[in-house]
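Descriptive structure summary
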Amino acid sequence: MNIVLNEELSQISLLFVSAAMGFLSVALLLFAFQLAKLKDDPTETRFEKVGFWVLGVATLVLAVGVFLRGIAANRVPWANMYEFAISSALMILTIYLMSLKVKGIGSVATFVTGFTLVTLFAAVSLFYVEVKTIMPALQSYWLVIHVVVAIMAVGFFAIAAGFHIFYLIKDAGWGGVIMSRMPDLKQLERIAYRFNMVGFVSWSFTLIAGAIWAERAWHRYWGWDTKEVWTFIIWVVYAGYLHAMATRGWSGRRAAWLGLIGFGAVIFNFVIVNLFFKGLHVYSGL
Amino acid sequence: MALAAVPGSVYPQRSADPNGVRLYFSQQPELAAVLDSLQLFDVYTSVWFSAIYILLFVSLVGCVIPRTKVHYNALRAKPVKTPELLTRMPVHQIGSKRVSLEAAREVLKQRGFRVAVQGNSVSAEKGYLKETGNLVFHYSLLAVLIAVGVGGGFSYSGQRVLVEGETFVNNLASYDAFSPGPLFFEEELQPYSLTLNKFNVLYDLQNPANLGQPIDFIAEVTVSTTQETSEGIVRVNHPLPVPGANVYLTGNGFAPVITVRDGEGNVAYTGPVVYLPQDGNMTSIGVIKVPDANPEQIGMISFFYPTVTELESGAYTSIYPDPIDPLLTFNVYTGDLGLDSGIPRNVYALDVSDMELVAGRDAPNPALELRIGESAALPNGLGTVSFDGLLRFASLDVAFNPGGIWVLIFSFIALFAVVISLSVVRRRVWVRIGDERIEYAGLARGDDEQLEQIVTEIKEEIEGRSA
Ligand code: HEM
């Protein structure tokens, strides 16, 4: 078997990722201006429009970066923490840009842009590793399926989390005029619900695919490995969220908190579990 | 349930990380004892976790059964009676022209509604599939829980270390370790034998950053049943089906072939010895016990370095996992191996409490060093030891869990059902043809952005048909 790694190409990929961070920063500024402008004139959308164009460019540049990383490593670019982070950022942006038709989606532009910027920053400064092959236990097409869907779920959950945050801010009466120009509470809640719903289904699939893969690689479909435990916890929290939304009197603030707890667990699962816990899944590469 | 699972990821678990548990006990014995009494090292088999599991099961049953009855009745019942005050409904529109009841009924029917004509009104409902999906989802969760429980009961898994050339016969005595489920019975083990012919391990030799990373492990085996003999390959991620189970490759290492002659020149031990790898470059430790040696029993703790190099401190280490420049070293003990006391001993550990170190660091004689084909004299006329060849061993897991496939099937049903349940919207629509005005009204379970538009569409369609 002949695998050729190309660290130089990976450095070029890193340049693209960094450039994407530059564009994201510009987009973030534009969206912030837009928010400030909302105060004086609710119909003004010039900043937002330019912001979305810049965001689109950032996404394209990032896509090139992720793609080159894959070429450099001669495999899918999501086998360690760095790669998982940049792929997740790309997925969040892609899902977000593809959802622009959803009414009121623009209101979380600052959150989505900021969040991906922080993710990329962490990836580049903390998680970067040279390209390596992956250990045989991870060489499986289930890696592709399981992780792609996991990243997708994370993308949907992330956008929903943005709506939860704005919901809670607005609900608490903070943010004054700016928040009053945002979509109303009902609408924020509904959009969050939509994204969480898709996220939940994807996450369920991730769980199942993970179990199939575990059965192939480690002879058991479920072994309460740390990562499996947290995947399960996240699934239960979001199931709880769906129940909350279906139960009258439980939606609203409590559901928003549940959604945020769920997303907190997703981030925890990624960062803390990978870095500090023991388990078969630990793949940070650090 | 989610909360209950957390400690299992915080504390090391015996099932997943036995060494971690041992470490915990040696570092904080008191705390460990307390944690252990709360079963925090065996969270997922603990009494309290099982209790939660059963509680979950019971609550699921408790939720699902009454709702099934309600839904069954709803499916058989006609759509609800048209409310008196349609103006109270979230969507309410006034028709602009006269239409017939029949037209309203037909349009709603065509749109997949269940329809009932009640006096001067039509009552229609759609989206029963939402509740059906929901129920199927919850039943599937129940089925998954059952399949996990029952499957786990009949399951077994056994581990066996097999050196190249060795054959394993499938019976309980052949396993190094065996963990059956509570319902396992020995007849589940079907007769076959499995020989490890050759075990290839491929490392990356090309890419500097990646040097020595394993690329693939390939165990070539022969499986013989009573009827036939066939060749097969076990790789990581690619288990091999054998009668009644799957064989998985879970570990690898070296098994140097060693011969020990005692002080009288008799062969006291010969054969491959399994050395347990200690690091990524396969520095390995093996234990050789020679109880039949005369005049004294011999025990050796041996290190194997596939590609040896000397550190500044004078100690050896391995810098590459393939045997490019292999070296064996031996620390030699004599005395009582403690094998006669009847207490089962770990073959990978040497109890040196009743033994004397005669060669090794801090011993009268230096540690023995051997390369392939060499032999050396043991000190004090104890005999000789020779390094005759190098084989690899594979750790194989044989596992069977009949629940797995059912868990999978019901998980997918659950997934499918939840998608249906979440995507179908349940709506009610009424059309009342009153004397003064014609009313259209709609109501949805949960919020429904499109309700207004759908009622409008229905209105226009009915009016179009009546024209
Ligand atoms: C303990 C008793 C339970 C009750 C009374 C119950 C009840 C319900 C109800 C009424 C819904 C309908 C939501 C709607 O109409 O949109 C629902 C949905 C759901 N339930 Fe449960 N449930 C129970 C247990 C569970 C458990 C243990 C789980 C898994 C952790 C679970 C997962 C879900 C999910 C994911 C949904 C959303 C999907 C859907 O609407 O079908 N449920 N449940």
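Residues numbered from 1 in each chain as written. Chains lettered and ligands numbered in written order. Predicted model: local features only at pLDDT ≥ 70, side-chain atom pairs only at ≥ 80, totals over all residues. Heavy atoms only, no water.

So, the pattern of salt bridges
Residue and element names in this part refer to chain B. Rules: Every case where a carboxyl oxygen of Asp or Glu lies within 4 Å of a side-chain nitrogen of Lys or Arg is listed as a salt bridge. Working definition: helices are DSSP H or I runs of at least four residues, strands are E runs of at least two. Numbering for both runs from the N terminus. The cut-offs for exposure are 20% and 50% of the maximum accessible area for each residue type, with area from a 1.4 Å probe on protein chains only; residues under the lower value are buried, those over the upper are exposed, and the others partly exposed.
Across all of its chains, the model carries 14 salt bridges over all chains by this definition. A salt bridge links Glu 131 to Arg 67, with the nearest nitrogen and oxygen atoms 2.9 Å apart. Within this pair, whereas Glu 131 is found in helix α6 (residues 128–154), its partner Arg 67 is found in helix α4 (residues 47–76), the two being separated by 64 residues in sequence. Residue Glu 131 is classed as buried on the basis of its relative accessible area, which comes to 12%. Judged by relative accessible area, Arg 67 falls into the partly exposed class, the value being 32%. Ionic pairing is found between Arg 426 and Glu 125, a salt bridge with its closest N-O pair at 2.9 Å. Taken together, the residues Arg 426 in the loop between α7 (403–423) and β23 (427–433) and Glu 125 in strand β3 (residues 121–126) connect sequence positions 301 residues apart. Accessibility assignment for this pair places Arg 426 and Glu 125 in one class, buried. Bridged by salt links that share partners, the residues Arg 111, Glu 457 and Glu 461 form one connected network.

Some points on the UniProt feature "transmembrane region" (unreviewed entry) in chain A
To keep it simple, the criterion reads: UniProt positions are given in the numbering used here, feature names are shortened, and annotations may be inferred rather than shown by experiment.
In the numbering used here, UniProt assigns the "transmembrane region" (unreviewed entry) feature to residues 12–38, 50–72, 78–98, 105–129, 141–170, 191–214, 229–246 and 255–277 of chain A. Across residues 229–246 of chain A one finds 100% helix and 0% strand; the C-alpha atoms that close the span lie 26 Å apart.

Some points on the domain arrangement of chain B
Put simply, the rule is: The domain boundaries here were taken from an automatic or database domain assignment.
Assigned domains of chain B: these are domain 1 (88–127 + 426–467) and domain 2 (253–395). Put simply, the middle of domain 1 of chain B and the middle of domain 2 of chain B, counted by C-alpha atoms, are 88 Å apart.

Digging into the site of the ligand
Here is the rule: Here a residue counts as near a molecule or strand whenever at least one of its heavy atoms sits within 4 Å of it. Polar contact criterion, stated in full: a pair of N or O atoms within 3.5 Å, where within protein one must be able to donate a hydrogen and the other to accept it, and residues adjacent in sequence count only if both atoms are side-chain atoms.
What surrounds the ligand is a group of 19 residues, the closest being His 243 of chain A together with Cys 63, Asn 134, His 138 and Ser 421 of chain B. Around the ligand the close residues trace back to chains A and B. Here His 243 of chain A contributes a side-chain N or O atom positioned 2.5 Å from a nitrogen atom of the ligand. Side-chain polar atom of Ser 421 of chain B to an oxygen atom of the ligand: 2.6 Å apart, as the coordinates give it. At the level of elements, α8 (226–246) of chain A together with α4, α6 and α7 of chain B are the ones that each hand at least two residues to the shell around the ligand.

Some details on helix α7 (residues 185–218) of chain A
Let me state the cut-off plainly: Each residue after the first adds 1.5 Å to the expected span of a helix.
Along its 34 residues, α7 of chain A runs 47 Å from first to last C-alpha, staying within 8% of the 50 Å computed at 1.5 Å per residue. Within α7 of chain A, 25 of the 34 residues are buried, which leaves the element mostly enclosed by the surrounding structure.

Things to note about the domain arrangement of chain A
Residues and elements named next belong to chain A. Selection criterion: In what follows, a contact means two residues having at least one pair of non-hydrogen atoms within 4.5 Å. A simple way to read buried area is as the amount of 1.4 Å-probe accessible surface that goes missing from two parts once joined, with both sides added. Throughout this entry, Asp, Glu, Lys and Arg are counted as charged residues, while Ala, Val, Leu, Ile, Met, Phe, Trp, Tyr, Cys and Pro are counted as nonpolar. The remaining residues, Gly among them, count as polar.
Structurally, chain A comprises domain 1 (1–134) and domain 2 (137–286). Each partner contributes residues to the interface: domain 1 has 35 residues there, and domain 2 has 36 residues. Of the roughly 3100 Å² buried where domain 1 meets domain 2, counting both sides, 83% is carbon and sulfur surface. Among the residues domain 1 hides against domain 2, the three largest losses belong to Trp 78, Met 81 and Phe 84. Together they make up 21% of the total. The interface formed by domain 1 and domain 2 holds zero salt bridges in total. Linking domain 1 to domain 2 there are zero residue pairs in polar contact (both at pLDDT 80 or more). Broken down by secondary-structure element, the contributors of at least two residues to the side of domain 1 that touches domain 2 are α1 (7–38), α3 (81–98) and α4 (109–127). The element contributing the most residues to the side of domain 1 that touches domain 2 is α3, with nine residues. Grouping the constituent residues of the side of domain 1 that touches domain 2 by class yields 24 nonpolar, seven polar and four charged.

A short note on the side chain of Ser 99 of chain A
Summarising the element assignment, Ser 99 of chain A is placed in the loop between α3 and α4. In this view, Ser 99 of chain A contacts Ile 105 and Phe 195 of chain A; residues no more than four positions away in its chain are not counted.

Concerning the environment of Thr 229 of chain B
Residue and element names in this part refer to chain B. Relative to the helices and strands, Thr 229 is located in strand β9 (residues 229–235). On a C-alpha basis, the gap between Thr 229 and Tyr 192 in space is 9.4 Å, while along the polypeptide they are 37 residues apart. Among the polar contacts made by the side chain of Thr 229, one reaches the side chain of Ser 224 at a distance of 3.4 Å.

Description of the nonpolar core
The cut-off we apply is this: In these notes, a set of buried Ala, Val, Leu, Ile, Met, Phe, Trp, Tyr and Cys residues joined through side-chain atoms within 4.5 Å is what counts as a nonpolar core.
Among the nonpolar cores identified, the biggest contains 98 residues, and Leu 62, Tyr 96 and Ile 159 of chain A are the most heavily contacted of them. Split by domain, the residues of this core number at least three in each of domain 1 (1–134) and domain 2 (137–286) of chain A. Excluding its chain neighbours within four sequence positions, the residues that come into contact with Ile 159 of chain A are Ile 92, Ile 95, Tyr 96, Ile 105, Val 112 and Phe 195 of chain A. The next biggest cluster of nonpolar side chains, apart from the first, holds 52 residues, and it includes Phe 199, Ile 258, Ala 359 and Phe 387 of chain B.

Thoughts on the sheet that holds strand β5 (residues 167–169) of chain B
Residues and elements named next belong to chain B. Defined as follows: Strands were regarded as paired on the criterion that DSSP finds at least two bridges between them. Simply put, an axis is a line fit to the C-alpha atoms, just over the touching stretch for a helix, and the angle between two N-to-C directions goes from 0 to 180 degrees.
Ordered by their spatial adjacency, four strands build an open sheet running β5-β7-β8-β9, and the pairing between neighbours is antiparallel. A strand with exactly one partner marks an edge of an open sheet, and here the two such strands are β5 and β9. For this sheet, the mean angle separating the axes of adjacent strands, direction not counted, is 25°.

Some points on the UniProt feature "transmembrane region" (unreviewed entry) in chain B
Residue and element names in this part refer to chain B. UniProt feature "transmembrane region" (unreviewed entry): in the numbering of this structure it lies at residues 47–66, 136–156 and 405–425. End C-alpha atoms of residues 136–156 are separated by 30 Å, and the span's content is 90% helix alongside 5% strand. Helix and strand shares over residues 405–425 are 90% and 0% respectively, and the end C-alpha atoms of the span are 32 Å apart.

Details of helix α2 (residues 46–73) of chain A
End to end, α2 of chain A covers 41 Å across 28 residues, agreeing with the expected 40 Å (1.5 Å per residue, within 8%). Directly beyond the C-terminal end of α2 of chain A, a positive phi value near 65° is found at Asn 74 of chain A.

Let's talk about the sheet that holds strand β24 (residues 438–444) of chain B
Residues and elements named next belong to chain B. Reading across from one edge, β1-β24-β23-β3-β2 is the order of the five strands in this open sheet, with antiparallel pairing throughout. Of all strands in the sheet, those with a lone pairing partner are β1 (91–94) and β2 (114–118), marking the two edges. Here the strands of the sheet are splayed against their neighbours by 15° on average, with no regard to which way each runs. With respect to the sheet, helix α5 (residues 101–110) is in contact with β2, β3 and β23, its orientation differing from that of β3 by roughly 5°. Taken strand by strand, helix α8 (residues 451–466) contacts β1, β23 and β24, and its axis lies near 145° from that of β24.

Digging into the coordination of the iron atom of the ligand
Note the threshold: Here the term donor refers to an N, O or S atom within 2.8 Å of the metal (or 3.2 Å for Na, K and Ca), and because water is left out of the atoms, sites may appear incomplete. Only two sets of limits are used to name each site, 85 to 135 degrees for every angle of a tetrahedral four-donor site, and over 155 degrees for opposite donors with all other angles from 65 to 115 for a square planar four-donor or octahedral six-donor site, with any other site named irregular.
At the metal site, the iron atom of the ligand is ligated by His 243 of chain A (NE2) and His 138 of chain B (NE2), and these contacts range over 1.9 Å. Around the iron atom of the ligand sit six donor atoms, and with donor-metal-donor angles ranging over 79 to 178° the site reads as octahedral. One end of the pair, His 243 of chain A, is in helix α8; the other, His 138 of chain B, is in helix α6, on a second chain. Of the residues examined, His 243 of chain A reaches a relative accessible area of 47% and is grouped as partly exposed. Under the relative-accessibility criterion, His 138 of chain B is labelled buried at 11%.

Some remarks on unusual backbone geometry
Residues and elements named next belong to chain B. Positive phi, normally seen in glycine, also occurs at Met 282, with a value near 65°. Turning to its location among the elements, Met 282 is positioned in the loop between β13 (276–277) and β14 (284–290). For Met 282, a relative accessible area of 6% gives the class buried. Phi angles above zero are rare outside glycine, and Asn 380 is one such case at about 60°. Asn 380 gets classed as exposed once you look at its relative accessible area, which sits at 62%.

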